[in-house]
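# Topology and contacts: notes
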Amino acid sequence: MDGETNIFEPLADVVDALPGAVGIQADGRFVSVSSELASMLGSETDTLIGEPWQTAFDDEESKRLAAAFERTRAEGRWEGRVRATSGTRLELTVSVTDTGKLVWSATEAEDDQFQGAPRETEFTTDPSLATGLLDEMNAVVFTLDHEGRLDRWNGALSDRTGYDHADLDGMPFETLVPTDHHARLARLQTEDQEVELDLCTVDGERLTQEVQETNVRLDTGETVRCLVCYDITDRIEDIKWYETILEMVVDGVYTLDENLEFTYVNEEMCNIFERPASELLGTDPRTLFVDESQMAMAADIRERVIEGDLTTATVEALTETASGERIELESNYRLRHEPEDGEFPGSVGIIRDVTERNRRERTLERQRNELETLDRITQLLLETTRESLKTASRDTVEQTVCEQLLASDLYQFAWIGGREFDGDHIVPRVRAGDDRGYLDAVTGTDDFEQWPENRALRSQSVTVTTPGDEPGEAWPEVAGDRGFEAIMAVPLRDGDAVYGVLVVYATHEGAFGDRAQAGFEVLGRAVGSVIYAANNRELLFADTVVELGFRIPGSDSLLARIATEFDCSITLDGYVSAGDQWILYLSTDEPVLDSIVDELDEEPRVERARVIRLDDDSGRLELVMSSSPLLDTVTSVGATVRDASGDTTDVRLTIEAPTDTNIRDIVAHVQTEYDGAELVSTREYDRDVTTVGRPGGVLDELTDRQRESVQAAYRAGYFDWPRESTAEAVAESLNIASPTLHGHLRKAQRTIISTLIDE
């Protein structure tokens, strides 16, 4: 270590005040044990000193430790967890000194941490070190004349140095002092304190002494210099032990003087701050703080310790190393002695790097929040499903989602919206919570394309952002001013159809982790499916609908290709959704169906094609298709195809949708699927809905499979006389067995007939 002050700091005081448990083992026995280590081992300090270390452990643990000590001597250090016979589990670090002694440093394992008040540590050493003074009989005492020569001395001087009394008589004092210590002699007369000085024996051996000089007035009136020398060789050895202990401690150890400056730092302190001891010594630790609020908190805690409100203190600080890395440190300290007049008397403490610990704690906190979020999302999924069974209203489902989100304290504000029909802005449909004026503040700004909700709709994926990630835009500043630290936008999807966007605002940055995003994606799809079902139900039972007419010139649709290839007009008479397939029923004004079937054998999406009826001048065709871009596109947005026909020039398409459907989305989907598609008409009209189709009507009593079977059989002419299709042919189209089809049809017929007759 650098510097005389650093070496000769009263290290016993440091070890006395050091939180933790330490001990020294030599020749298999304890030679020094702190009271805290003794307590952990279930014994007393006096009882353990001089005893074999095995007395604190059972046979099995002793064997394991003995092997560990062998590794320590070979490798220099060992760390592990042990259990004492007292039942206490210890995190033990053992290091070997140059003299072969083993230094123990222990803390209680985390699951056995002491929960009471802090315990003070006392380090038991030689009694001479506790008192700091030797008995006068063991001290060398001599006087010097005015020329600095020995003229009086006690027997201890001759005994220790080996000089005869005759040799000592008149010997210059400098003769007893090695040359490299001569500079210290002047301090004896100028400083009112002990000076460490070596005395040389007749054989050249150096004896380390603590020397104090006083002036003694003799009866003759003469004043002589009197020097008292105490042998501190044992103390120096103990200091080396203390130094070893402090250097082996896995935490940084330091002392501060009354000016709040480092007077001692161990090697780990230098490692933590990436600075040598010579640079840290004399430094005010407050200059190493990065956060001013933490500095103020540390000053407040220090005042409370001085005033006696606290006996020890713990301070956390963000600091910067020499390489520029920012780390989080925790300091535990206590005062060196009782303060006088309210002044800081200096302190001793330890510092440990808690960056990883705090990071783990933040990770656990984030995971707890994510689990709470997932639990909330699970509840939302249940609520959404329950609401979809109770009501056909999309607004009710959307409002439920927003309100359930705000029932948790994780979020501040939530809303669901969609694009306006005649513009690009997204307008809210429902909302919950306090937006603190955010929506009003951003309305009309020019950067709406970069809003999270816009990006989510464009990408059809969950988008998470924080205001700090979007410099130069208007909305992040507005969000940050209102305390929103994280924003998530979730598209409400069903397949490729998007029915709007859910936007959620949180006041803490880590609100939307990966797990939360995955959960919200599931929620978005669930809400999208509910909206799709609500739209279909609304369309099925609505008295008023919106009719959209499209013209698609020269498209590559199936209708256009058939009409062009065979120079005919072709019409979609109806269709049935059968699981993942579509069954289409087409009619033509030309007797070319057999040729069309042969041609469609090459069509990859057509799984089966058959002629239902063939007349001299027309015919009817059934196609089983794995997919239909037209029907997939239209039904995905909650609409239905009422009419579709094509000829050699174009395809004409009529779509019906509920009145509150986002018409813009329907138009966009059709135009995206078919280049050149043109919206030629839009009207809202009242339609006649028979009692059969109304809620509670006869068709409402059928299951989905029964309804599919009835529709397919009807479209295929199964109920005509004579039959245009057999049950086997219809069953094959539906990809079910013939007996299964018969079962569906008979149950459906019974339901329909019984409902009509009972009415």
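Residues numbered from 1 in each chain as written. Predicted model: local features only at pLDDT ≥ 70, side-chain atom pairs only at ≥ 80, totals over all residues. Heavy atoms only, no water.

### Re the overall build of the protein chain
We count it as follows: Secondary structure elements follow DSSP: runs of H or I of four or more residues count as helices, runs of E of two or more count as strands, with numbering from the N terminus. The buried label goes to any residue with under 20% of its type's maximum accessible area, the exposed label to any with over 50%, and the partly exposed label to all in between, with areas taken from a 1.4 Å probe on protein chains only. It only takes one pair of heavy atoms within 4.5 Å for two residues to be counted as in contact. Method for areas: the Shrake-Rupley scheme with a 1.4 Å probe, in which residue coverage is limited to the protein chains shown.
Secondary structure summary: the protein chain contains 26 helices and 28 strands in total. A buried classification covers 47% of the 759 residues belonging to the protein chain. Partitioning the intrachain contacts of the protein chain with sequence separation of at least 6 by distance along the chain shows that 56% fall at a separation of at least 24. Accessible surface, the protein chain: about 37,500 Å² in total, of which carbon and sulfur atoms supply 45%.

### A closer look at the sheet that holds strand β15 (residues 347-353)
Selection rule: When DSSP locates at least two bridges between a pair of strands, those strands are taken to pair. Simply put, an axis is a line fit to the C-alpha atoms, just over the touching stretch for a helix, and the angle between two N-to-C directions goes from 0 to 180 degrees.
Strand order in the open sheet formed by 5 strands is β12-β11-β15-β14-β13, with antiparallel pairing between adjacent strands. Each having just a single partner strand, β12 (262-265) and β13 (312-320) make up the two edges of the open sheet. Each adjacent strand pair in this sheet contributes to an overall mean axis angle of 25°, direction not counted. In this structure, β13 lies alongside strand β14 (residues 326-335), joined through 9 bridges in antiparallel fashion. Each residue of the ladder has a partner; that of T319, found in β14, is I327.

### A word on the packing of aromatic side chains
Heads up, the condition is: Think of it this way: a Phe, Tyr or Trp ring, Trp meaning its six-membered ring, pairs with another when their centres are within 6.5 Å, and the plane angle makes it stacked under 30 degrees, edge-to-face over 60, tilted otherwise.
One pass over the full model with this rule turns up 16 aromatic pairs. Centroid distance Y411 to F520: 6.0 Å. Interplanar angle 75°. Geometry classified as edge-to-face. Of this pair, Y411 sits in the loop between α15 (394-406) and β16 (413-419) while F520 sits in helix α19 (residues 514-541), placing them 109 residues apart in sequence. Through a chain of ring-to-ring contacts, three or more aromatic side chains come together here, namely F30, W53, F57, F69 and W104.

### A word on a negative patch on the surface
Selection criterion: Here the term patch refers to residues with relative accessible area over 30% and no salt bridge, with like charges joined within 9 Å and nonpolar side chains (Val, Leu, Ile, Met, Phe, Trp, Tyr) within 5 Å. Think of a salt bridge as a Lys or Arg side-chain nitrogen and an Asp or Glu carboxyl oxygen that are within 4 Å of each other. When charges are counted, Lys and Arg contribute as positive and Asp and Glu as negative, whereas His and the chain ends are disregarded. To locate a charge, take atom NZ for lysine, CZ for arginine, CG for aspartate or CD for glutamate.
A grouping of E565, D594, D598, E599, D601 and E602 is seen on the molecular surface, where their side chains present a negatively charged patch. In terms of residue count, the dominant contributor to the negative patch is helix α21 (residues 593-600) (3 residues). Its place among the elements puts E565 in helix α20 (residues 558-566).

### Concerning unusual backbone geometry
Following W721, the chain continues into P722 via a peptide bond in cis, with omega recorded as -5°. Inspection of the secondary structure assignment puts P722 in the loop between α24 (704-715) and α25 (727-734). Positive phi outside glycine occurs at L260, with the angle close to 60°. Looking at the element boundaries, L260 is found in the loop between β11 (252-256) and β12. For L260, a relative accessible area of 9% translates into the label buried. Positive phi is not limited to glycine here, since Q460 has a value of about 55°. Note that Q460 resides in the loop between α17 (452-459) and β18 (463-465).

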